[in-house]
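# Secondary and tertiary structure notes
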Amino acid sequence: MIEQLRAAFSENAPVYLMLGGLTVGFAFGYIVYRMNFCTMGAISDFMNFADWRRFRAWVLSAAVAILGTQWLAYSGVLPLDKTMYLSPSLNWVGNVLGGMLFGFGMVFAGGCASRNLARVGGGDVRSLLTLVVMGIVGYMAIGGVLGPARAALEGATSISLAGLGPSQGLGDIFSAASGSGRAASGLIVGGAVATLLLVYVFSSTAFRASPMHVWSGIGVGICVVAGWAITGLAFDELADTPVAPISLTYVRPAGDTLEWLQRYTALGLPGFGVASVFGALLGSFTAAWSMGRFQITTFSDTGDTLRNLFGATLMGIGGVMALGCTVGQAVTGVSTLAIGSFLTFAAIVAGGVYGMKAFERIVMAEA
């Protein structure tokens, strides 16, 4: 069955990747808007109200993604070793500094990349400009004027982990140490990590009593697994230009979307990442419209505008340095068990906490 699906996906990869991206993105955007899944909001909740439910929903999404992703790898659906996260070197400075920049920036931008996508679907023009700026700056950090400095920093600080295993993945390290197969090791380590996360998540009575938070975490995790399944089945190593499997992430795809809109006739059908951006916009718009909450909003004043632009700039740089965002690394990346993804998750939270404190000082000074 898997080989039949793989053959079907490989033969029509552009179509399946586009449709898959639209579908998964739609579900993700709908969940984020309808169930108020927000990683910056999660940090704000536990800092200001000692409410950890949205943070636990975030962790739950990672746990679900880990279990599903490692099962896909074990069953042969997803060639996990072809993903960008499982490199043999650890870009620890990029993970930590980039994650902190992203976390700090998302506070000033009113939310992370995925949250801003959801807000655009609800009619927020501020978030549209934030995403455009983030996408442009992200491209500047990939191969533009900021690219050489980023690459030089990464090259000077990356640590090779080749002696521990074929990649920085915890499953691969366990495989090298135990002599067991890579896929089986991923399933074992992933099961252990996910179990610890689930124990933490459901140890809270308040969280267990909140179906919205529980289902939002499960839903986001399933969306990430679905993205891996689609792009894993469509992956063809023998293709002229193999497209590596990816799942939900929204920093580089924001820039890719801008490029696609300008060069559609040369690029053809949108890939999974670009399609997932459009899908998330449609999903959040559907949720906002069905809830009667769609409304065009814009910046309140000059200070609001500058803060959003500042935050978008930091998210663009930080997201590229860290190879992802609150979803792209803290859920999608973590699902591969990459050490760098766990570092980025922690760094984003730390950056968000510091950003909240800085934002409060600025607002109080302006009052």
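Residues numbered from 1 in each chain as written. Predicted model: local features only at pLDDT ≥ 70, side-chain atom pairs only at ≥ 80, totals over all residues. Heavy atoms only, no water.

Below, the discussion takes up the pattern of salt bridges. This structure, assessed with the given rule, holds ten salt bridges. Close ionic contact of R126 with D124 constitutes a salt bridge, the shortest N to O distance being 2.8 Å. E259 serves as the salt-bridge partner of R263, at 3.0 Å between the closest nitrogen and oxygen. Highlighted residues: R263 and E259, both in helix α13 (residues 252-267), separated by four residues, approximately one helical turn. (Salt bridge = Lys/Arg side-chain N within 4 Å of Asp/Glu carboxyl O. Helix = DSSP H or I, 4+ residues; strand = E, 2+ residues; numbered from the N terminus.)

A few words now on the packing of aromatic side chains. Scanning the entire structure with this criterion turns up 20 aromatic pairs. Ring geometry for F108 versus F359: centroids 5.5 Å apart, planes at 80°, classification edge-to-face. Here F108, found in helix α5 (residues 92-108), pairs with F359, found in helix α17 (residues 339-366); they are 251 residues apart in sequence, far enough to count as distant. For F108, a relative accessible area of 5% corresponds to the buried category. Chaining the aromatic ring pairs together yields one cluster made of F46, W52, F55, W58 and F345. (Phe/Tyr/Trp six-rings, centres within 6.5 Å; stacked < 30°, edge-to-face > 60°. Buried < 20%, exposed > 50% of the residue type's maximum accessible area, 1.4 Å probe, protein only.)

Quick look at unusual backbone geometry now. In this structure, A50 is a non-glycine residue whose phi angle is positive, near 55°. Within the element layout of this structure, A50 appears in the loop between α3 (39-48) and α4 (53-75). On the accessibility criterion, A50 (59% relative accessible area) is exposed. At L337, a residue that is not glycine, the phi angle is positive and equals roughly 70°. Here L337 is to be found in the loop between α16 (328-333) and α17. Judged by its relative accessible area of 0%, L337 falls in the buried class.

Size it by volume and the largest pocket reaches roughly 1100 Å³. If you go around the largest pocket, you meet 40 residues; those closest to its centre are V243, I246, R252, D256 and G271. Taken together, the residues of the lining of the largest pocket break down into 25 nonpolar, nine polar and six charged. (1 Å grid on protein atoms, 1.4 Å probe; cavity = no way out; pocket = protein on both sides within 12 Å on 5 of 7 lines; lining within 4 Å. Points joined across faces, edges and corners; volume = space filled by probe spheres on them. Nonpolar A, V, L, I, M, F, W, Y, C, P; charged D, E, K, R; others polar.)

Moving on: the side chain of S216. Relative to the assigned elements, S216 resides in helix α12 (residues 211-234). You can call S216 buried: its relative accessible area is 2%. Among the polar contacts made by the side chain of S216, one reaches the main-chain carbonyl oxygen of H213 at a distance of 2.9 Å. Apart from the residues lying within four places of it in its own chain, the contact partners of S216 are I31, M35, F37 and A57. (Polar contact = N/O pair within 3.5 Å; in protein donor to acceptor, adjacent residues only side chain to side chain. Contact = heavy atoms within 4.5 Å.)

With that out of the way, let us pick up the environment of R150. With respect to the helices, strands and loops of the structure, R150 is situated in helix α8 (residues 147-157). Residues R150 and P242, spaced 92 residues apart in sequence, show a C-alpha to C-alpha distance of 25 Å. Those residues in contact with R150 that sit more than four places away from it in its chain are A141, I142, V320 and M321.

Let us now look at α5. Given a rise of 1.5 Å per residue, 17 residues ought to cover 24 Å, and the 25 Å separating the end C-alpha atoms of α5 matches this to within 8%. Most of α5 is tucked away, with twelve of its 17 residues classed as buried. V93, G94, N95, G98, G99, F102, G103, F104, G105, M106, V107 and F108 are the residues of α5 that are buried. G110 sits one or two residues past α5 and shows a positive phi near 80°. (Expected span 1.5 Å × (residues − 1).)

Summed over all chains, the structure comprises one cavity of 30 Å³ or more. Of the pockets and cavities examined, the largest cavity occupies roughly 40 Å³. In terms of lining residues, the largest cavity is bounded by N91, V93, G94, R150, L153, E154, T157 and M321. The element best represented in the lining of the largest cavity is α8, accounting for four residues. Among the residues forming the lining of the largest cavity, the class breakdown is three nonpolar, three polar and two charged.

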